[in-house]
Amino acid sequence: MSLFAPLLCDSFGKEENEMDKKLKTTIATVAALVLVGGGIFFGVTSAKKGEKCRYCGKYWPHGEIMGHQIRCDKNKESMSFRK
Ligand SMILES: [Zn+2]
C-alpha cells in the first residue's frame, strides 16, 4: 500500500501533469520543426530540380521552363502554331 501512496498523492499527480504538458509541448515543437524543416528542404530540392516540362518531361530551371516549353521539340501544339 505504501508503494502506491505517491501515485495517489496530489502533488505527485500535478508534477506528472506538468511533465506531461512539457513533453507534449516538446513533441509539438519538434513536430513543428520537422514540418518546417521538411518544407524548406522540399522547397530547396524542388527549386534546384526546377520545373518539369509537360512535353518532354525534362526538368528546367524556373526561369527557363516557360521559354523552353514553347520551344520544346515535343511541343507539337506550338510547332503547328509556328507553321
Ligand atoms: Zn521540353
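Residues numbered from 1 in each chain as written. Predicted model: local features only at pLDDT ≥ 70, side-chain atom pairs only at ≥ 80, totals over all residues.

Chemist: Tell me what's going on with the overall build of the protein, and back it up with residues and numbers.
Modeler: When its secondary structure is counted, the protein shows four helices and two strands. The N-to-C order of helical and strand elements in the protein reads α-α-β-β-α-α. Counting all 83 residues of the protein, 1% fall into the buried class. (Helix = DSSP H or I, 4+ residues; strand = E, 2+ residues; numbered from the N terminus. Buried ≥ 20, exposed ≤ 12 C-beta atoms within 10 Å, placed from the backbone.)

Chemist: Tell me about the confidence of the model for the protein, and please be specific about residues and values.
Modeler: Averaged over all residues, the pLDDT of the protein is 81; the fraction at 70 or higher stands at 76%. Per-element mean pLDDT across the protein ranges from 56 in helix H1 (residues 5-8) up to 92 in helix H3 (residues 65-71). (pLDDT = per-residue confidence, 0-100.)

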